Amino acid sequence: CDQVTKRYVSRTGREDNLSLRDNILAKLSYNGETHSENYRVLTVNNQMTDKSMMALGGSISTGEFGSMLLSLFDPEREASFQWERQAGLRGRATEVYTFKVRKDRSNWHIEAVEEKRSTYPAYTGRVWVDRETGYVLRLLMNTADMEPDFPIRSVQSQLDYNWSAISGIRFLLPESSVSWMNDGHYLSKNMIEFRMY
């Protein structure tokens, strides 16, 4: 599919001061055997480029298409789930569960590229499960217990799923994602849309 990413930044760290940094169009493919995404960047601000996703600099998020959800339910994560409430989401009745993953079981890779440092933080979040089908419709993840000296203070990522038709057959697929990253002074927001399945 196509992945369209709009990246916003705020140098004051305030949400009301965000400005558009760039608009990235990439071809995204997912390998079901290795459970990994592959990105080929086509354009940045409508200009052709041969740079890789990681070479673009700034705040980059990957893994939303398949790795993020799969990772949460991997038995190796030893995630603890707790029912929280019932809720409606896009006209569907859902059950909302909170979850926690300890730092020693985490595989959520957060990288501060300019400082050449990375970490695997503990994380918490919520998952919205369709009451009738059992399918996940939304996943929200927040970093927890970040190291005090790590350059990034917090990361939050929300992923939404919706039905999409491919050759006349309906599939529940990622529709959009929003990621926030804060280092205490600098705030970034990535808005991702998945198109053209």
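Being a predicted model, the structure only gives us computed values, none of them experimental. (Residues numbered from 1 in each chain as written. Predicted model: local features only at pLDDT ≥ 70, side-chain atom pairs only at ≥ 80, totals over all residues. Heavy atoms only, no water.)

Draft legend 1. Just the overall build of the protein, in detail. Within the protein, the regular secondary structure consists of one helix and 13 strands. Listed N to C, the secondary structure of the protein is β-β-β-β-α-β-β-β-β-β-β-β-β-β in terms of helices and strands. For the protein, whose C-alpha radius of gyration is 17 Å, the value lies close to the compact-globule estimate of 16 Å for 197 residues. Taken along its principal axes, the extent of the C-alpha atoms in the protein is 45 × 45 × 35 Å. Taking all 197 residues of the protein together, the buried fraction comes to 42%. Intrachain contacts of the protein at a sequence separation of at least 6 include 49% that bridge at least 24 residues. Charged side chains of the protein number 25 positive and 26 negative; the gap between the two group centres comes to 3 Å. (Helix = DSSP H or I, 4+ residues; strand = E, 2+ residues; numbered from the N terminus. Rg over C-alpha atoms; globule rule 2.2 N^0.38 Å. Buried < 20%, exposed > 50% of the residue type's maximum accessible area, 1.4 Å probe, protein only. Contact = heavy atoms within 4.5 Å. Lys, Arg positive; Asp, Glu negative; His and termini not counted. Charge placed at Lys NZ, Arg CZ, Asp CG, Glu CD.)

Draft legend 2. Representation of the pairing of strand 9 (residues 122-130) within the structure. The buried fraction of strand 9 is high, at seven of nine residues. In terms of strand pairing, strand 6 (residues 92-101) meets strand 9 through eight bridges, oriented antiparallel. Directly across from Thr94, in strand 9, lies its bridge partner Asp130. (Pairing = 2+ DSSP bridges.)

Draft legend 3. Examining the sheet that holds strand 10 (residues 136-144) more closely. The strand order across the open sheet formed by eleven strands is 4-3-2-1-13-12-11-10-9-6-5, and the pairing between neighbours is antiparallel. Looking at strand neighbours, the two that pair on one side only are strand 4 (47-48) and strand 5 (80-89), the edges of this open sheet. With eight bridges joining them, strand 9 and strand 10 adopt antiparallel strand pairing. What sits directly across from Ala122, in strand 10, is Ala144.

Draft legend 4. Looking closely at unusual backbone geometry. Phi at Asn45 takes a positive value of approximately 55°, unusual for a residue other than glycine. Within the element layout of this structure, Asn45 appears in the loop between strand 3 (36-44) and strand 4. Phi at Met196 is positive, roughly 55°, even though this residue is not glycine. The residue Met196 is located in the segment after strand 13 (187-195) in this model. With relative accessibility at 65%, the residue Met196 sits in the exposed group.

Draft legend 5. Main features of the side chain of Glu37. With respect to the helices and strands, Glu37 occurs in strand 3. Engagement of the side chain of Glu37 in a polar contact is seen with the backbone nitrogen of Phe65, the distance being 3.4 Å. For Glu37, the side chain forms a polar contact with the main-chain nitrogen of Gly66, separated by 2.7 Å. With residues near it in sequence (within four places) discarded, Glu37 still touches Leu28, Ser29, Tyr30, Gly63, Glu64, Phe65, Gly66 and Ser67. (Polar contact = N/O pair within 3.5 Å; in protein donor to acceptor, adjacent residues only side chain to side chain.)

Draft legend 6. Quick peek at the nonpolar core. Core analysis: the biggest nonpolar cluster contains 42 residues, and Leu72, Ile110, Tyr123, Leu139, Met141, Ile152 and Phe194 have the highest contact counts within it. Among the elements that line this core, the one with the most residues is strand 10, at five residues. If we skip the residues at most four places from it in the chain, Ile110 touches Arg117, Ser118, Thr119, Pro121, Thr143, Met146, Phe150, Ile152 and Val155. (Core = buried A, V, L, I, M, F, W, Y, C linked by side-chain atoms within 4.5 Å.)

Draft legend 7. View of the environment of Ser61. Summarising the element assignment, Ser61 is placed in the loop between strand 4 and helix 1 (67-72). What makes Ser61 buried here is its relative accessible area of 15%. Ser61 has contacts with Ser179, Asn190 and Ile192, leaving out every residue within four places of it along the chain.

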